[in-house]
Amino acid sequence: MKPNPRISRRNMESPSTANSVPGKLTKKNVATGKSTKKVFSEESSMDLHVVEKSQPPVTRSKSKALKLMEVSNKEMIDGDLDEKHGNMNIAGKVDNKYNGKRNATDLGTPSNSSFKRQRNATDLGTPSASSSGRKKSTPPKHAHEDEILKNFEQFKKFDVVKDPSDHHYVTHGSSVNRPSKSWSKKIQEEWKILEKDLPDAIFVRVYESRMDILRAVIVGAEGTPYHDGLFFFDVFFPNNYPNVPPQVHYWSHGLRLNPNLYECGNVCLSLLNTWSGSQEERWNPKLSTMLQVLVSVQGLILNAKPYFNEPGYESQSRTLEGEKSSQQYNESTFILSLKTMVFTLRKQPKHFEEFILGHFFKHAREILVACKAYMDGAQVGCLVSGGVQDVKEDKRRT
């Protein structure tokens, strides 16, 4: 079969993933009775292995996939609901910011005790007494909640910031080889385009002292297994830009949740010349822009059916076996998206702290409601505003 010319994993292999199909995750070392804590450690994320490409796509019964999701959801609740205080650890982050009572390293730390009483979405934010009989912790003041949401709503889509110290490409570039005036002019043009035309779900920060780098976050779209997730990308503009495309690094946290996003952070996309697509799909120095790159990642990579991004799998689209494999892949992808949320809360990229806090403060309940619905048998990605979307038919019903 002719591979998808637009996006693929070819020429981007790392030694650990060569000749493998990234989409077919198995339950190795995950969701067993031995230790569910492994599910949310970065070490165990690498235990999710792949099958050889020479083998046909391996399917997994939906019940097993849902068991994985159930364990992952329980871990997310265990890790991000404080067992002692009964509040979301997002609220703990608020306490740390406003009252100085909690340490930021507490965020998302799994409890050593088992989760003995059942929680559901309606329990969130309700204080409960700890098993040790300590005093109940009161939720943050309404004023704090209002301020979190206010900062979130006022978070600019595009802004210039100062400190690039945690940027992936901070060590790239050299003061000896200063870029030309034409390069600086082109970067300024890119800034203007981004400031004017960014879509609603993409936010960008550029750096006052480093015009050659920027950071972007893409909010996962509803109707996809990436819904409500935050996906961060660091970008570097070489000295010979735009004659060559920008370099893009994905904050993967060691997870592979898409055939085109690698654990090492590589992004496979024709527009970045990281896949040999057709000439029309590759980087064009005269026409291509950074905005096009971000929109392509949002639309072509973080889509409703990422299973078919893999070369050769597109031909299975609209077949019974192909759609079944796609649904199972979406279940695994959603689990990895949940883990990415937790890692993002633990290690927040600079200059996006208020956005991250406000986003999950606002959407945490919806995320857990979706987890419950998926464990009860709903298709991953079917929940959208205003109704339910049939993932197989891509239609909504209210």
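First, a word on scope: everything that follows refers to the structure included in this document. Note that the structure is predicted; figures quoted are calculated from it, not measured.

To continue, consider the pattern of salt bridges. The final tally for this structure, using the stated rule, is eight salt bridges. A salt bridge links Asp163 to Lys350, with the nearest nitrogen and oxygen atoms 3.8 Å apart. Within this pair, whereas Asp163 is found in the loop between strand 3 (158-161) and helix 5 (181-197), its partner Lys350 is found in the loop between helix 7 (320-346) and helix 8 (353-375), the two being separated by 187 residues in sequence. Here Asp212 and Arg210 are joined by a salt bridge, their closest N and O atoms 2.8 Å apart. Residue classification places Asp212 among the buried positions, given a relative accessible area of 11%. Here Arg210 falls in the buried class, since its relative accessible area comes to 16%.

What follows is about helix 7. Between the first and last C-alpha of helix 7 there are 40 Å, a value that for 27 residues agrees with the 39 Å anticipated at 1.5 Å per step. Burial analysis of helix 7 places 22 of its 27 residues in the buried class, which makes it a mostly covered element.

With respect to the helices and strands, Ser337 occurs in helix 7. Classification of Ser337 by relative accessible area gives buried; the value is 1%. Among all residues touching Ser337, those that are not within four sequence positions of it are Pro225, Tyr226, Gly229, Phe231 and Leu257.

Within a beta sheet, neighbouring strands are joined by backbone hydrogen bonds and run either parallel or antiparallel to one another. Reading across the sheet, the five strands line up as 3-4-5-6-7 and stay open at both edges, with mixed pairing between neighbours. Only two strands of the sheet have a single neighbouring strand rather than two, namely strand 3 and strand 7 (247-250). Neighbour-to-neighbour, the strand axes of the sheet open up by a mean angle of 20°, direction not taken into account. Across the sheet, helix 5 touches strand 3, strand 4 (202-207) and strand 5 (213-219), and the angle it forms with strand 3 is around 135°. In this fold helix 6 (residues 290-301) packs onto strand 4, strand 5, strand 6 (230-236) and strand 7, with an angle of close to 30° to the strand it touches most, strand 5.

Moving on to the packing of helix 7 against helix 8. Contact geometry for helix 7 and helix 8: axes closest at 12 Å, N-to-C directions at 155°. With respect to their mutual orientation, helix 7 and helix 8 come out roughly antiparallel. Relative to helix 8, the crossing made by helix 7 is left-handed. Across from Phe334, Leu338, Met341, Thr344 and Leu345 in helix 7, the residues of helix 8 making contact are Ile356, Phe360, Ile367, Cys371 and Tyr374. A per-class count over the contact of helix 7 with helix 8 returns nine nonpolar, one polar and no charged.

Quick notes on the rules
Residues numbered from 1 in each chain as written. Predicted model: local features only at pLDDT ≥ 70, side-chain atom pairs only at ≥ 80, totals over all residues. Heavy atoms only, no water. Salt bridge = Lys/Arg side-chain N within 4 Å of Asp/Glu carboxyl O. Helix = DSSP H or I, 4+ residues; strand = E, 2+ residues; numbered from the N terminus. Buried < 20%, exposed > 50% of the residue type's maximum accessible area, 1.4 Å probe, protein only. Expected span 1.5 Å × (residues − 1). Contact = heavy atoms within 4.5 Å. Pairing = 2+ DSSP bridges. Axes fitted to C-alpha atoms, helices over the stretch in contact; angles between N-to-C directions. Parallel < 35°, antiparallel > 145°, perpendicular 65-115°, else oblique. Left-handed = near helix turned anticlockwise from the far one by under 90°. Nonpolar A, V, L, I, M, F, W, Y, C, P; charged D, E, K, R; others polar.

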